[in-house]
Amino acid sequence: GGTIAIISKEWKHAVVSAKTDSSGLSILTRIKFKVASDIPGTRATFFTTIGAYIPPQAGSDSGPYTINTRLRQYLATSTHSPTITPSQWAQLVIQKWVLRAQAQEQFVILVGDLNGTLELGASNSIRDWVASLNMEAPLTDLLLPQKTYYTFYRNLDGISRIDHILYSPMPSNIKLAEFGT
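Keep in mind it's a predicted model, so treat the numbers as computed, not measured.

Chemist: Just to check I follow, could you spell out helix 3 (residues 86-103) for this structure?
Modeler: The α-helix advances 3.6 residues per turn, and as a result positions three or four apart in sequence lie on the same side. Taking 1.5 Å of rise per residue, the 18 residues of helix 3 would be expected to cover 26 Å, and the 26 Å separating its terminal C-alpha atoms lies within 8% of that figure. Within helix 3 the residues assigned to the buried category are Pro86, Ser87, Trp89, Ala90, Val93, Ile94, Trp97, Val98 and Ala101. As for helix 3, its buried residues are in contact with strand 1 (15-20), strand 2 (28-35), strand 3 (45-53), helix 2 (67-77), strand 4 (107-113) and helix 4 (127-132). Positive backbone phi, approximately 60°, marks Glu105, located one or two places after helix 3.

Chemist: Would you mind showing me how to read a nonpolar patch on the surface here?
Modeler: Residues Ile7, Trp11, Val15 and Val35 make up a contiguous nonpolar surface patch of roughly 280 Å² in combined accessible area. The exposure class of Ile7 is partly exposed, given its relative accessible area of 36%.

Chemist: Which parts of the structure should I look at to understand unusual backbone geometry?
Modeler: Not every positive phi belongs to a glycine, and Ser26 is a case in point at roughly 55°. The topology assignment puts Ser26 in the loop between strand 1 and strand 2. Residue classification places Ser26 among the partly exposed residues on the basis of a relative accessible area of 23%. A positive phi angle, near 45°, is found at Asn115, a position not held by glycine. With respect to the secondary-structure elements, Asn115 resides in the loop between strand 4 and helix 4.

Chemist: How do you make sense of the packing of aromatic side chains when you look at a structure like this?
Modeler: Aromatic rings in a pair are described by how distant their centres are and how their planes are angled relative to each other. As enumerated under the stated definition, the model contains 5 aromatic pairs in all. Relative to Trp89, the ring of Tyr74 lies with its centre 5.7 Å away and its plane at 65°, an arrangement referred to as edge-to-face. On the criterion of sequence distance, the pair formed by Tyr74 in helix 2 and Trp89 in helix 3 is long-range, its members being 15 residues apart. The exposure classification of Tyr74 matches that of Trp89, with both residues buried. With a centroid separation of 6.1 Å and 50° between ring planes, the pair formed by Phe107 and Tyr167 is classed as tilted. Of this pair, Phe107 sits in strand 4 while Tyr167 is found in strand 7 (residues 163-167), placing the two residues 60 residues apart along the sequence. Both residues of the pair, Phe107 and Tyr167, belong to the buried class. Taken together, the aromatic side chains of Trp11, Phe33 and Phe47 make up a single cluster linked through ring pairs.

Chemist: Explanation requested: the sheet that holds strand 1 in the structure shown.
Modeler: Note on sheets: strands pair through backbone hydrogen bonds, and any given pair is parallel or antiparallel. Spatially, 5 strands are ordered 1-2-3-4-7 in an open sheet, and the strand pairing comes out mixed. Pairing within the sheet leaves two strands with one partner each, and these edge strands are strand 1 and strand 7. Put simply, the sheet's adjacent strands are angled 10° from each other on average, direction ignored. As defined by bridge partners, strand 3 adjoins strand 4 across 7 bridges and the pair is classed as parallel. When the sheet's bridge partners are listed, Thr48 is paired in strand 4 with Val108. Against the sheet, helix 3 contacts strand 1, strand 2, strand 3 and strand 4, and its axis sits at roughly 10° relative to strand 2.

Chemist: Looking at this model, I keep getting lost on the side chain of Thr29. Mind explaining?
Modeler: Note that Thr29 resides in strand 2. A relative accessible area of 11% places Thr29 in the buried class. Look past the residues within four positions of Thr29 in its chain and what remains in contact with it is Thr3, Lys19, Thr20, Thr49, Ile50, Gly51 and Trp97.

Chemist: I tried to follow the confidence of the model for the chain on my own but got confused; where do I start?
Modeler: Reading predicted coordinates in detail is not appropriate for stretches of low pLDDT. Scored by pLDDT, the chain has a mean of 82; 82% of the residues are at 70 or more. By mean pLDDT, helix 5 (residues 138-143) is the weakest element of the chain at 63, and strand 1 is the strongest at 95.

Basis of the calculations
- Just so you know, the residues in each chain are numbered from 1, in the order the chain's sequence is written.
- Restriction of local features to residues with pLDDT of at least 70 applies here, the model being predicted, together with a cutoff of 80 or more for giving and counting side-chain atom pairs; totals for whole chains, interfaces and linings are based on all residues.
- Hydrogens and water are ignored here; the side-chain numbers use all heavy atoms of the structure.
- Helix and strand assignments come from DSSP, with helices taken as H or I runs of at least 4 residues and strands as E runs of at least 2, each series counted from the N terminus.
- Residue count minus one, scaled by 1.5 Å, sets the expected span of a helix.
- Note on classification: 1.4 Å probe, protein chains only; a residue is buried when its accessible area is under 20% of the maximum for its type, exposed when over 50%, partly exposed between these limits.
- Residues count as neighbours in contact if any of their non-hydrogen atoms are within 4.5 Å of one another.
- In this scheme, patches are assembled from residues that exceed 30% relative accessible area and form no salt bridge. Like charges are connected within 9 Å, while nonpolar side chains (Val, Leu, Ile, Met, Phe, Trp, Tyr) are connected within 5 Å.
- All accessibility values rest on the Shrake-Rupley procedure with a 1.4 Å probe; residue burial counts only the protein chains present in the view.
- One speaks of a salt bridge when a side-chain nitrogen belonging to Lys or Arg is within 4 Å of a carboxyl oxygen belonging to Asp or Glu.
- Aromatic rings from Phe, Tyr and Trp, with only the six-membered ring used for Trp, were paired whenever their centres fell within 6.5 Å, and each pair was classed as stacked if the ring planes differed by under 30 degrees, edge-to-face if by over 60, and tilted otherwise.
- Any two strands with at least two DSSP-identified bridges between them are counted as paired.
- A fitted line through C-alpha atoms represents every axis, and for helices the fit uses only the stretch in contact; the resulting angles, taken between N-to-C directions, go from 0 to 180 degrees.
- You can read pLDDT as the predictor saying how much it trusts each residue, on a scale of 0 to 100.

See the structure below:
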């Protein structure tokens, strides 16, 4: 398990802080950036990126070294509720990070394997959770109505859309483009 962030030399100066989750497994990573404005009298813009791996529900064959098992062990020895699942815990941590950043008027980008889908009626739907975070899903909202796509394949067959790029409403001075902002 674990996530990684590679920051180019052009962005290194903009890093304000970085944090990983408290489990020691680094399934969640948060990096806060500050971008100075070139316009006199205009404030700098802060934004936060979160890289996430939300573990799926454990199967009956979960071994002793799986992320689910290791997270369950961590949760059992921490101050968290004994009934919380690893995926619920990861969602709660992400929710805390996202809502805190948004309260500080930061733009937030959440990327990763969220092990859930945004399609209506799916058994592993994360649609309500994403809505509670006030996040948008450009791949699902814009691309899916135009063309079927998959982010997870078994052999050569696309089977699901569990990897996501989500973002909060952007400040008026930021526009996303294919090759930058």
